[in-house]
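Coordinates in review
What follows is the residue order along each chain.
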Amino acid sequence: MATTPRTKPRASRVHAREAMPAYGVADGVQSWRYNLKARERAVVDRALALLGGILREPDGVFTSPDAAKDYLSLQLGADPCERFSVLYLNCQHRTIAYECHFSGTLTQTSVYPREVAQAALRHSASAVILAHNHPSGIVKPSRADEALTNTLKQTLALVDVRVLDHVIVGSMRALSMAEQGLI
């Protein structure tokens, strides 16, 4: 009687990525995904889950810096109004959560540093990546964007949270202010 070696099922050998929590994300008619077909929505949701999993891996933000920009582009890129969001990171720069804090108009949104600091403390974050979209599609940072980044850096430094980047998302691309030397 021949015996066959037992092998583990394929699923147990594959490293399962933990989904990243996302808070404050627009849904229903307020979401840009509302008019997508169910199949298209499923593809976007799967892509967000995969990118979110990459960002939760050890040093995920830095082993694949484009993954953060891709994730933020999927979350914000097609939005018709301006939204301000934050990726919260732990001390190993693994992503803890994504949170969309503020929604505005076609050209601006109000951001309150106190709310961002409270959320950073609530998530026990040691670093953040700020993000907002420009519905116009132009990803060049304005003076207001630079001033907001500096204000948030100063505010978050008071509670020992570092601002690693501020990503501006347009409809076709994303710009990292850190890569541009603006942080």
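Higher on the page you've got the structure.
So, here is what we can say about the structure in this document. (Residues numbered from 1 in each chain as written. Predicted model: local features only at pLDDT ≥ 70, side-chain atom pairs only at ≥ 80, totals over all residues. Heavy atoms only, no water.)

Quick word on the packing of helix α5 (residues 113-122) against helix α6 (residues 143-157)
The interhelical angle for the contact between α5 and α6, taken along N-to-C directions, is 45 degrees, at an axis separation of 10 Å. By the criterion of interaxial angle, the relationship of α5 to α6 is oblique. Crossing of α5 over α6 shows right-handed handedness. In this structure, α5 contributes Pro113, Val116, Ala117 and Ala120 to the contact, and α6 contributes Thr151, Leu152, Thr155 and Leu156. (Axes fitted to C-alpha atoms, helices over the stretch in contact; angles between N-to-C directions. Helix = DSSP H or I, 4+ residues; strand = E, 2+ residues; numbered from the N terminus. Parallel < 35°, antiparallel > 145°, perpendicular 65-115°, else oblique. Left-handed = near helix turned anticlockwise from the far one by under 90°. Contact = heavy atoms within 4.5 Å.)

Here's the deal with the pairing of strand β2 (residues 83-89)
Most of β2 is tucked away: 7 of the 7 residues are buried. Side-chain alternation along β2 places Arg83, Ser85, Leu87 and Leu89 on one buried face and Phe84, Val86 and Tyr88 on a second face that is also buried. Two strands pair when backbone bridges link them, and β2 and strand β3 (residues 95-103) are joined in this way by 7 bridges, in the antiparallel orientation. By the bridge assignment, Tyr88 is partnered in β3 with Ala97. If you look at the hairpin formed by β2 and β3, you'll find 5 residues sitting between the two strands, and His93 has a positive phi there, around 65 degrees. Looking at chain direction, β2 and strand β4 (residues 127-133) are connected through 6 bridges and run antiparallel. (Buried < 20%, exposed > 50% of the residue type's maximum accessible area, 1.4 Å probe, protein only. Pairing = 2+ DSSP bridges.)

What about the side chain of Asn133?
Along the chain, Asn133 turns up in strand β4. Classification of Asn133 as buried rests on a relative accessible area of 1%. Among the polar contacts made by the side chain of Asn133, one reaches the main-chain carbonyl oxygen of Leu76 at a distance of 3.4 Å. Residues within four places of Asn133 in sequence aside, it is in contact with Leu76, Asp79, Cys81, Glu82, Arg83 and Val169. (Polar contact = N/O pair within 3.5 Å; in protein donor to acceptor, adjacent residues only side chain to side chain.)

Comments concerning α6
Between its first and last C-alpha, α6 extends 21 Å over 15 residues, near the 21 Å set by a 1.5 Å rise per residue. Those residues of α6 that fall on the buried side of the exposure criterion are Asp145, Leu148, Thr149, Leu152 and Leu156. Burial along α6 is one-sided: seen end-on, the buried residues are contained in an arc of 100 degrees. Away from the buried face of α6 by more than 90 degrees, exposed residues Arg143 and Gln154 are located. At its buried positions, α6 is contacted by β2, α5, β4 and β5 (162-169). (Expected span 1.5 Å × (residues − 1). Arc of directions from axis to C-beta.)

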